[in-house]
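Structural features, examined
Take a look at the letters that make up each chain.
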Amino acid sequence: MKQKSKSFQLYLIHQGILNLGDAFHFIAITSQLISVTGSGIYASFTIILTPISSFLFSPIAGILGDRLNEKYLILFLMILKSAMALLFASSSNIINIYILILLLAIIEIISNPLRKKILVNLLKPQDILMANSIISGIAGFMFIIGPILAGFLIEKYGVALVFSVNSLLYFLSGIILFFIRVKSQKSLREKKNIIRGNREALNYLRKNPHIKKLILISTILSLNIASINIAFYPFVFDILKIKDKTWGTMMSIFYGSSLFAMYLSINLNAIIKRLDLFFLYFSLIFISLCWLSYGFLEYIPLIMAIQFMEGILTSLFTMVLNSKIQTLTNKDYLARIVAINDIFVNFGKLISAIISYSLLIFLPVQNLFILNFIILFFYGLYLLSPKII
(Lines give C-alpha, C1' and ligand atoms only; values in the text may rest on other atoms or scores of the structure.)
Protein backbone atom coordinates (compact mmCIF):
# COMPACT_ATOMS: atom_id res chain seq x y z
CA MET A 1 0.00 0.00 0.00
CA LYS A 2 2.92 2.32 0.87
CA GLN A 3 4.52 1.59 -2.50
CA LYS A 4 1.26 2.44 -4.30
CA SER A 5 1.02 5.71 -2.36
CA LYS A 6 4.58 6.65 -3.38
CA SER A 7 3.85 5.70 -6.99
CA PHE A 8 0.69 7.83 -6.98
CA GLN A 9 2.71 10.80 -5.67
CA LEU A 10 5.23 10.32 -8.50
CA TYR A 11 2.33 10.10 -10.95
CA LEU A 12 1.04 13.46 -9.67
CA ILE A 13 4.52 15.02 -10.10
CA HIS A 14 4.67 13.58 -13.65
CA GLN A 15 1.24 15.02 -14.37
CA GLY A 16 2.13 18.44 -12.94
CA ILE A 17 5.31 18.81 -15.02
CA LEU A 18 3.42 17.59 -18.09
CA ASN A 19 0.66 20.17 -17.49
CA LEU A 20 3.22 22.96 -17.14
CA GLY A 21 4.75 21.85 -20.45
CA ASP A 22 1.28 21.84 -22.04
CA ALA A 23 0.62 25.36 -20.72
CA PHE A 24 3.87 26.64 -22.23
CA HIS A 25 3.14 24.87 -25.51
CA PHE A 26 -0.44 26.21 -25.72
CA ILE A 27 0.62 29.85 -25.40
CA ALA A 28 3.68 29.40 -27.64
CA ILE A 29 1.81 27.73 -30.49
CA THR A 30 -1.00 30.31 -30.38
CA SER A 31 1.52 33.15 -30.45
CA GLN A 32 3.42 31.50 -33.31
CA LEU A 33 0.28 31.00 -35.41
CA ILE A 34 -0.91 34.57 -34.84
CA SER A 35 2.57 35.83 -35.75
CA VAL A 36 2.75 33.75 -38.95
CA THR A 37 -0.85 34.22 -40.16
CA GLY A 38 -1.97 37.47 -38.50
CA SER A 39 -5.44 36.10 -37.72
CA GLY A 40 -7.15 34.27 -34.85
CA ILE A 41 -9.16 32.11 -37.26
CA TYR A 42 -5.98 30.25 -38.35
CA ALA A 43 -5.07 29.59 -34.71
CA SER A 44 -8.51 28.08 -34.13
CA PHE A 45 -7.98 25.73 -37.10
CA THR A 46 -5.79 23.57 -34.84
CA ILE A 47 -9.02 22.36 -33.20
CA ILE A 48 -9.85 20.30 -36.29
CA LEU A 49 -6.50 18.44 -36.27
CA THR A 50 -7.14 16.39 -33.10
CA PRO A 51 -10.38 14.83 -34.40
CA ILE A 52 -8.63 13.84 -37.63
CA SER A 53 -5.86 12.07 -35.72
CA SER A 54 -8.42 10.44 -33.41
CA PHE A 55 -10.18 8.59 -36.25
CA LEU A 56 -6.89 7.11 -37.38
CA PHE A 57 -5.24 6.31 -34.06
CA SER A 58 -7.83 5.93 -31.25
CA PRO A 59 -8.66 2.32 -32.25
CA ILE A 60 -4.94 1.52 -32.19
CA ALA A 61 -4.49 3.41 -28.89
CA GLY A 62 -7.09 1.27 -27.13
CA ILE A 63 -5.53 -1.98 -28.32
CA LEU A 64 -2.00 -0.83 -27.37
CA GLY A 65 -3.22 0.21 -23.92
CA ASP A 66 -4.75 -3.21 -23.24
CA ARG A 67 -1.86 -5.18 -24.75
CA LEU A 68 1.43 -3.41 -23.92
CA ASN A 69 3.03 -2.04 -20.76
CA GLU A 70 1.39 1.38 -20.53
CA LYS A 71 4.18 2.97 -18.45
CA TYR A 72 6.99 2.28 -20.91
CA LEU A 73 4.83 3.20 -23.88
CA ILE A 74 4.03 6.62 -22.37
CA LEU A 75 7.74 7.09 -21.53
CA PHE A 76 8.62 6.55 -25.20
CA LEU A 77 5.84 8.91 -26.32
CA MET A 78 6.99 11.65 -23.90
CA ILE A 79 10.56 11.51 -25.26
CA LEU A 80 9.13 11.73 -28.78
CA LYS A 81 6.92 14.63 -27.70
CA SER A 82 9.94 16.41 -26.21
CA ALA A 83 11.89 16.12 -29.46
CA MET A 84 8.94 17.38 -31.49
CA ALA A 85 8.47 20.44 -29.27
CA LEU A 86 11.95 21.59 -30.32
CA LEU A 87 10.96 21.39 -34.00
CA PHE A 88 8.30 24.08 -33.48
CA ALA A 89 10.99 26.64 -32.60
CA SER A 90 12.49 26.43 -36.10
CA SER A 91 9.18 26.25 -38.00
CA SER A 92 7.90 29.35 -39.74
CA ASN A 93 5.82 27.72 -42.48
CA ILE A 94 2.13 27.33 -41.65
CA ILE A 95 1.89 23.87 -43.26
CA ASN A 96 4.88 22.58 -41.28
CA ILE A 97 3.34 23.93 -38.06
CA TYR A 98 0.01 22.22 -38.75
CA ILE A 99 1.80 18.92 -39.49
CA LEU A 100 3.66 19.12 -36.17
CA ILE A 101 0.40 19.92 -34.34
CA LEU A 102 -1.21 16.90 -36.00
CA LEU A 103 1.67 14.64 -34.91
CA LEU A 104 1.46 15.93 -31.32
CA ALA A 105 -2.29 15.31 -31.38
CA ILE A 106 -1.63 11.69 -32.41
CA ILE A 107 0.74 11.25 -29.44
CA GLU A 108 -1.90 12.69 -27.10
CA ILE A 109 -4.61 10.42 -28.54
CA ILE A 110 -2.44 7.35 -27.89
CA SER A 111 -1.40 8.56 -24.41
CA ASN A 112 -4.88 9.35 -23.05
CA PRO A 113 -6.15 5.75 -22.52
CA LEU A 114 -2.74 4.75 -21.14
CA ARG A 115 -2.76 7.45 -18.43
CA LYS A 116 -6.31 6.62 -17.36
CA LYS A 117 -5.41 2.94 -17.09
CA ILE A 118 -2.30 3.65 -14.98
CA LEU A 119 -4.45 5.69 -12.57
CA VAL A 120 -7.03 2.91 -12.22
CA ASN A 121 -4.27 0.34 -11.59
CA LEU A 122 -2.76 2.54 -8.87
CA LEU A 123 -5.96 3.20 -6.91
CA LYS A 124 -9.13 1.64 -5.51
CA PRO A 125 -12.39 2.48 -7.36
CA GLN A 126 -13.68 4.66 -4.49
CA ASP A 127 -10.55 6.85 -4.72
CA ILE A 128 -10.79 7.61 -8.46
CA LEU A 129 -12.97 10.75 -8.16
CA MET A 130 -10.69 12.20 -5.48
CA ALA A 131 -7.62 11.41 -7.61
CA ASN A 132 -9.14 13.04 -10.69
CA SER A 133 -9.95 16.08 -8.56
CA ILE A 134 -6.33 16.36 -7.39
CA ILE A 135 -5.03 15.89 -10.94
CA SER A 136 -7.40 18.59 -12.17
CA GLY A 137 -6.26 20.91 -9.38
CA ILE A 138 -2.60 20.37 -10.27
CA ALA A 139 -3.42 21.12 -13.91
CA GLY A 140 -5.23 24.26 -12.76
CA PHE A 141 -2.24 25.46 -10.74
CA MET A 142 0.17 24.81 -13.62
CA PHE A 143 -2.15 26.66 -16.00
CA ILE A 144 -2.19 29.63 -13.65
CA ILE A 145 1.57 30.13 -13.68
CA GLY A 146 2.35 28.57 -17.10
CA PRO A 147 0.49 30.88 -19.51
CA ILE A 148 1.43 34.06 -17.63
CA LEU A 149 5.10 33.06 -17.50
CA ALA A 150 5.06 31.89 -21.13
CA GLY A 151 3.42 35.15 -22.28
CA PHE A 152 6.07 37.17 -20.43
CA LEU A 153 8.95 35.10 -21.86
CA ILE A 154 7.59 35.38 -25.42
CA GLU A 155 7.38 39.17 -25.21
CA LYS A 156 10.88 39.45 -23.69
CA TYR A 157 12.89 36.64 -25.35
CA GLY A 158 10.77 35.23 -28.17
CA VAL A 159 8.77 32.06 -28.79
CA ALA A 160 11.83 29.80 -29.42
CA LEU A 161 12.85 29.90 -25.75
CA VAL A 162 9.36 28.89 -24.62
CA PHE A 163 9.36 25.88 -26.98
CA SER A 164 12.77 24.87 -25.56
CA VAL A 165 11.45 24.99 -21.98
CA ASN A 166 8.36 23.12 -23.20
CA SER A 167 10.59 20.36 -24.60
CA LEU A 168 12.57 20.05 -21.36
CA LEU A 169 9.38 19.76 -19.29
CA TYR A 170 8.01 16.96 -21.49
CA PHE A 171 11.31 15.08 -21.16
CA LEU A 172 11.37 15.44 -17.35
CA SER A 173 7.76 14.26 -17.00
CA GLY A 174 8.63 11.11 -18.95
CA ILE A 175 11.71 10.38 -16.79
CA ILE A 176 9.66 10.70 -13.58
CA LEU A 177 7.10 8.27 -14.98
CA PHE A 178 9.88 5.68 -15.31
CA PHE A 179 10.16 5.42 -11.49
CA ILE A 180 6.47 4.69 -10.93
CA ARG A 181 5.78 1.12 -9.88
CA VAL A 182 2.48 -0.04 -11.29
CA LYS A 183 1.28 -3.48 -12.22
CA SER A 184 0.50 -3.50 -15.93
CA GLN A 185 -2.80 -5.27 -16.56
CA LYS A 186 -2.56 -6.67 -20.07
CA SER A 187 -6.04 -7.93 -20.83
CA LEU A 188 -5.22 -8.79 -24.45
CA ARG A 189 -2.68 -11.47 -23.64
CA GLU A 190 -3.18 -13.20 -26.96
CA LYS A 191 -2.35 -11.10 -30.01
CA LYS A 192 -5.69 -10.05 -31.43
CA ASN A 193 -5.90 -7.76 -34.40
CA ILE A 194 -7.22 -4.24 -34.06
CA ILE A 195 -10.64 -5.03 -35.56
CA ARG A 196 -11.29 -8.02 -33.31
CA GLY A 197 -10.09 -6.25 -30.17
CA ASN A 198 -12.27 -3.19 -30.79
CA ARG A 199 -15.25 -5.34 -31.75
CA GLU A 200 -15.05 -6.98 -28.32
CA ALA A 201 -14.97 -3.53 -26.69
CA LEU A 202 -18.01 -2.38 -28.71
CA ASN A 203 -19.92 -5.52 -27.65
CA TYR A 204 -19.03 -4.75 -24.05
CA LEU A 205 -20.23 -1.16 -24.54
CA ARG A 206 -23.53 -2.31 -26.03
CA LYS A 207 -24.24 -4.30 -22.87
CA ASN A 208 -23.56 -1.30 -20.60
CA PRO A 209 -26.14 1.45 -21.25
CA HIS A 210 -24.83 3.65 -18.43
CA ILE A 211 -21.40 3.92 -20.04
CA LYS A 212 -23.03 4.54 -23.44
CA LYS A 213 -25.03 7.42 -21.97
CA LEU A 214 -21.91 8.99 -20.43
CA ILE A 215 -20.09 8.80 -23.76
CA LEU A 216 -23.04 10.46 -25.52
CA ILE A 217 -23.14 13.29 -22.96
CA SER A 218 -19.38 13.73 -23.31
CA THR A 219 -19.72 13.86 -27.11
CA ILE A 220 -22.46 16.51 -27.08
CA LEU A 221 -20.50 18.77 -24.72
CA SER A 222 -17.30 18.33 -26.74
CA LEU A 223 -19.17 19.18 -29.94
CA ASN A 224 -20.25 22.50 -28.40
CA ILE A 225 -16.88 23.24 -26.77
CA ALA A 226 -15.10 22.81 -30.13
CA SER A 227 -17.46 25.34 -31.69
CA ILE A 228 -16.98 27.76 -28.77
CA ASN A 229 -13.19 27.49 -29.06
CA ILE A 230 -13.31 28.12 -32.81
CA ALA A 231 -15.33 31.28 -32.16
CA PHE A 232 -13.22 32.37 -29.18
CA TYR A 233 -9.92 32.79 -31.07
CA PRO A 234 -11.19 35.34 -33.62
CA PHE A 235 -13.34 36.91 -30.89
CA VAL A 236 -10.38 37.77 -28.65
CA PHE A 237 -7.68 38.34 -31.29
CA ASP A 238 -9.65 39.99 -34.11
CA ILE A 239 -12.46 41.77 -32.22
CA LEU A 240 -11.00 42.46 -28.75
CA LYS A 241 -7.44 42.85 -30.22
CA ILE A 242 -5.69 41.35 -27.19
CA LYS A 243 -1.90 40.79 -26.93
CA ASP A 244 0.14 37.72 -25.86
CA LYS A 245 0.32 38.77 -22.21
CA THR A 246 -3.47 39.28 -21.96
CA TRP A 247 -4.07 35.97 -23.75
CA GLY A 248 -1.78 34.24 -21.24
CA THR A 249 -3.72 35.83 -18.37
CA MET A 250 -7.08 34.76 -19.83
CA MET A 251 -5.88 31.17 -20.23
CA SER A 252 -4.44 31.18 -16.71
CA ILE A 253 -7.83 32.25 -15.36
CA PHE A 254 -9.76 29.68 -17.40
CA TYR A 255 -7.53 26.65 -16.82
CA GLY A 256 -6.42 27.80 -13.39
CA SER A 257 -10.04 27.61 -12.24
CA SER A 258 -9.46 23.83 -12.07
CA LEU A 259 -7.56 24.47 -8.82
CA PHE A 260 -10.70 25.94 -7.25
CA ALA A 261 -12.75 23.14 -8.84
CA MET A 262 -10.48 20.63 -7.06
CA TYR A 263 -11.20 22.33 -3.73
CA LEU A 264 -14.95 22.18 -4.39
CA SER A 265 -14.81 18.56 -5.54
CA ILE A 266 -12.90 17.39 -2.45
CA ASN A 267 -15.10 19.30 -0.01
CA LEU A 268 -18.38 18.51 -1.76
CA ASN A 269 -17.44 14.94 -2.67
CA ALA A 270 -20.38 13.35 -0.82
CA ILE A 271 -22.93 15.78 -2.31
CA ILE A 272 -21.59 15.28 -5.85
CA LYS A 273 -21.81 11.50 -5.47
CA ARG A 274 -25.36 11.77 -4.10
CA LEU A 275 -26.49 14.00 -6.99
CA ASP A 276 -25.04 11.45 -9.44
CA LEU A 277 -26.13 12.26 -13.02
CA PHE A 278 -28.11 15.29 -11.84
CA PHE A 279 -24.78 17.01 -11.25
CA LEU A 280 -23.74 16.48 -14.88
CA TYR A 281 -27.09 17.69 -16.24
CA PHE A 282 -27.11 20.90 -14.19
CA SER A 283 -23.47 21.53 -15.15
CA LEU A 284 -24.42 21.48 -18.84
CA ILE A 285 -27.10 24.13 -18.26
CA PHE A 286 -24.82 26.47 -16.29
CA ILE A 287 -21.94 26.08 -18.78
CA SER A 288 -24.33 27.07 -21.58
CA LEU A 289 -25.31 30.24 -19.66
CA CYS A 290 -21.62 31.27 -19.57
CA TRP A 291 -21.50 30.94 -23.36
CA LEU A 292 -24.61 33.09 -23.71
CA SER A 293 -22.83 35.94 -21.91
CA TYR A 294 -19.91 35.87 -24.39
CA GLY A 295 -22.46 36.65 -27.10
CA PHE A 296 -23.16 40.09 -25.63
CA LEU A 297 -19.94 41.16 -23.89
CA GLU A 298 -16.76 42.92 -25.01
CA TYR A 299 -15.51 44.11 -21.60
CA ILE A 300 -12.39 42.00 -20.95
CA PRO A 301 -12.43 41.92 -17.08
CA LEU A 302 -16.05 40.68 -17.12
CA ILE A 303 -15.23 38.10 -19.81
CA MET A 304 -12.38 36.87 -17.60
CA ALA A 305 -14.76 36.51 -14.62
CA ILE A 306 -17.16 34.43 -16.73
CA GLN A 307 -14.22 32.37 -18.01
CA PHE A 308 -13.39 31.56 -14.39
CA MET A 309 -16.95 30.33 -13.75
CA GLU A 310 -17.02 28.36 -17.00
CA GLY A 311 -13.65 26.79 -16.15
CA ILE A 312 -14.86 25.63 -12.73
CA LEU A 313 -18.03 24.08 -14.16
CA THR A 314 -16.24 22.40 -17.07
CA SER A 315 -13.52 21.04 -14.80
CA LEU A 316 -16.02 19.62 -12.28
CA PHE A 317 -18.03 18.09 -15.11
CA THR A 318 -14.91 16.44 -16.58
CA MET A 319 -13.77 15.09 -13.19
CA VAL A 320 -17.13 13.48 -12.47
CA LEU A 321 -17.69 12.11 -15.98
CA ASN A 322 -14.18 10.61 -16.28
CA SER A 323 -14.43 9.08 -12.81
CA LYS A 324 -17.76 7.46 -13.62
CA ILE A 325 -16.43 5.97 -16.86
CA GLN A 326 -13.29 4.69 -15.09
CA THR A 327 -15.20 3.10 -12.20
CA LEU A 328 -18.04 1.62 -14.26
CA THR A 329 -15.75 0.04 -16.88
CA ASN A 330 -14.12 -3.35 -16.36
CA LYS A 331 -10.31 -2.95 -16.23
CA ASP A 332 -9.92 -5.48 -19.04
CA TYR A 333 -11.70 -3.08 -21.40
CA LEU A 334 -10.76 0.30 -19.92
CA ALA A 335 -8.14 1.46 -22.45
CA ARG A 336 -10.37 0.46 -25.38
CA ILE A 337 -13.48 2.10 -23.89
CA VAL A 338 -11.54 5.32 -23.27
CA ALA A 339 -10.31 5.14 -26.89
CA ILE A 340 -13.89 4.61 -28.15
CA ASN A 341 -14.97 7.61 -26.08
CA ASP A 342 -12.15 9.63 -27.70
CA ILE A 343 -13.38 8.59 -31.16
CA PHE A 344 -16.95 9.72 -30.48
CA VAL A 345 -15.82 12.93 -28.77
CA ASN A 346 -13.49 13.81 -31.63
CA PHE A 347 -16.07 12.90 -34.24
CA GLY A 348 -18.34 15.45 -32.56
CA LYS A 349 -15.53 18.01 -32.64
CA LEU A 350 -14.86 17.40 -36.33
CA ILE A 351 -18.53 17.80 -37.32
CA SER A 352 -18.77 20.86 -35.08
CA ALA A 353 -15.64 22.41 -36.61
CA ILE A 354 -16.92 21.96 -40.18
CA ILE A 355 -20.31 23.49 -39.30
CA SER A 356 -18.75 26.31 -37.23
CA TYR A 357 -16.29 27.39 -39.95
CA SER A 358 -19.16 27.33 -42.47
CA LEU A 359 -21.35 29.49 -40.22
CA LEU A 360 -18.51 31.98 -39.63
CA ILE A 361 -18.52 32.78 -43.35
CA PHE A 362 -21.81 34.67 -43.00
CA LEU A 363 -22.45 34.96 -39.23
CA PRO A 364 -20.76 37.28 -36.70
CA VAL A 365 -18.49 35.39 -34.28
CA GLN A 366 -20.61 36.18 -31.22
CA ASN A 367 -23.70 34.59 -32.79
CA LEU A 368 -21.89 31.26 -32.57
CA PHE A 369 -21.77 31.62 -28.77
CA ILE A 370 -25.55 32.13 -28.69
CA LEU A 371 -26.20 29.16 -31.00
CA ASN A 372 -24.14 26.84 -28.79
CA PHE A 373 -25.94 28.14 -25.71
CA ILE A 374 -29.28 27.14 -27.27
CA ILE A 375 -28.08 23.62 -28.17
CA LEU A 376 -26.49 22.79 -24.79
CA PHE A 377 -29.13 24.51 -22.64
CA PHE A 378 -32.01 22.58 -24.17
CA TYR A 379 -30.03 19.33 -24.19
CA GLY A 380 -29.48 19.77 -20.45
CA LEU A 381 -33.21 20.41 -19.95
CA TYR A 382 -34.01 17.34 -22.05
CA LEU A 383 -31.79 15.16 -19.83
CA LEU A 384 -33.34 16.64 -16.69
CA SER A 385 -36.97 16.34 -17.78
CA PRO A 386 -37.46 12.57 -17.16
CA LYS A 387 -35.80 12.91 -13.74
CA ILE A 388 -37.97 15.88 -12.71
CA ILE A 389 -41.22 14.39 -14.07
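Residues numbered from 1 in each chain as written. Predicted model: local features only at pLDDT ≥ 70, side-chain atom pairs only at ≥ 80, totals over all residues. Heavy atoms only, no water.

1. Notes on the pattern of salt bridges
We apply this condition: Salt bridges are defined as contacts in which a side-chain nitrogen from Lys or Arg sits within 4 Å of a carboxyl oxygen from Asp or Glu. Numbering of helices and strands runs from the N terminus, with a helix taken as a DSSP run of H or I at least four residues long and a strand as a DSSP run of E at least two residues long. Only protein chains enter the accessibility calculation, which uses a 1.4 Å probe. A residue is then buried if its area is under 20% of the maximum for its type, exposed if over 50%, and partly exposed in between.
One pass over the structure, following the stated rule, counts five salt bridges. Salt-bridge contacts for glutamate 108 lead to lysine 81; the nearest nitrogen and oxygen are separated by 3.0 Å. Of this pair, glutamate 108 sits in helix H5 (residues 94-122) while lysine 81 sits in helix H4 (residues 70-89), and the two are 27 residues apart along the sequence. Since its relative accessible area comes to 31%, glutamate 108 is described here as partly exposed. The class for lysine 81 is buried, based on a relative accessible area of 3%. One salt bridge in this structure joins aspartate 276 and lysine 324, with 2.6 Å as the shortest N-O distance.

2. Observations concerning the layout of surface pockets
Any space left empty among the atoms is revealed by the rolling of a water-sized probe across them. Put simply, the rule reads: Within this scheme a cavity is a closed region of a 1 Å grid, computed over the protein atoms alone, that accommodates a 1.4 Å probe without allowing it to escape, whereas a pocket is open but has protein on both sides within 12 Å along at least five of seven lines; lining residues each have an atom within 4 Å of a point. Grid points are joined across faces, edges and corners, and a volume is the space filled by probe spheres set on the points. Here the term charged refers only to Asp, Glu, Lys and Arg, the term nonpolar to Ala, Val, Leu, Ile, Met, Phe, Trp, Tyr, Cys and Pro, and the term polar to all other amino acids, Gly among them.
Reported here for the largest pocket is a volume of approximately 210 Å³. Contributing to the lining of the largest pocket are Pro125, Gln126, Ile128, Leu129, Ile272, Lys273, Asp276, Val320, Ser323, Lys324 and Thr327. At the level of elements, helix H6 (128-157), helix H11 (269-275) and helix H13 (300-328) are the ones that each hand at least two residues to the lining of the largest pocket. Looking at the lining of the largest pocket element by element, the count peaks at four residues for H13. Here the lining of the largest pocket is built from residues that sort into five nonpolar, three polar and three charged.

3. Structural notes on the environment of alanine 305
Mapped onto the elements of the fold, alanine 305 is located in helix H13. What makes alanine 305 partly exposed here is its relative accessible area of 37%. Each C-alpha atom of the pair alanine 305 and phenylalanine 254 lies 8.9 Å from the other, and the pair is 51 residues apart in sequence.

4. Details of a nonpolar patch on the surface
Selection rule: Patch definition: residues with relative accessible area over 30% and no salt bridge; like charges joined within 9 Å; nonpolar side chains (Val, Leu, Ile, Met, Phe, Trp, Tyr) joined within 5 Å. Computed with a 1.4 Å probe, the accessible areas rest on the Shrake-Rupley method; for each residue, only the protein chains presented here act as cover.
The grouping of Tyr72, Ile79, Leu168, Phe171, Leu172, Ile175, Phe178 and Phe179 at the surface amounts to a nonpolar patch, some 740 Å² of accessible area in total. Only H4 and helix H7 (159-178) provide two or more residues apiece to the nonpolar patch. Broken down by element, the nonpolar patch gets its largest block of residues, five residues, from H7. Mapped onto the fold, leucine 172 is located in helix H7. Leucine 172 sits in the partly exposed class, given a relative accessible area of 37%.

5. Observations concerning the packing of helix H9 (residues 209-239) against H13
What counts is decided by this rule: Axis lines are fitted through C-alpha atoms, for helices just across the contact stretch, and the angle between N-to-C directions can take any value from 0 to 180 degrees. Angle categories are assigned with fixed cut-offs, so that under 35 degrees is roughly parallel, over 145 is roughly antiparallel, 65 to 115 is roughly perpendicular, and the rest are oblique. Each crossing gets its hand from how the near helix is turned against the far one by less than a right angle, where anticlockwise is left-handed and clockwise is right-handed. The contact criterion used is simple: two residues touch if any of their non-hydrogen atoms lie within 4.5 Å.
One can describe the packing of H9 onto H13 by two numbers: an axis separation of 11 Å at closest approach and a directional angle of 155 degrees. Regarding the angle of H9 to H13, the classification is roughly antiparallel. In terms of crossing hand, the pair formed by H9 and H13 is left-handed. Within the contact between the two elements, H9 uses His210, Ile211, Leu214, Ile217, Ser218, Leu221, Ile225, Phe232 and Phe235 and H13 uses Ile303, Gln307, Thr314, Phe317, Leu321, Lys324, Ile325 and Leu328. A per-class count over the contact of H9 with H13 returns twelve nonpolar, four polar and one charged.

6. Quick look at the confidence of the model for the protein chain
Rule in force here: A residue's pLDDT is simply how confident the predictor is in it, with values from 0 to 100.
Model confidence for the protein chain is summarised by a mean pLDDT of 83, while 87% of its residues fall at 70 or above. Of all the helices and strands in the protein chain, helix H2 (residues 40-44) carries the lowest mean pLDDT, 62, while helix H12 (residues 277-294) carries the highest, 94.

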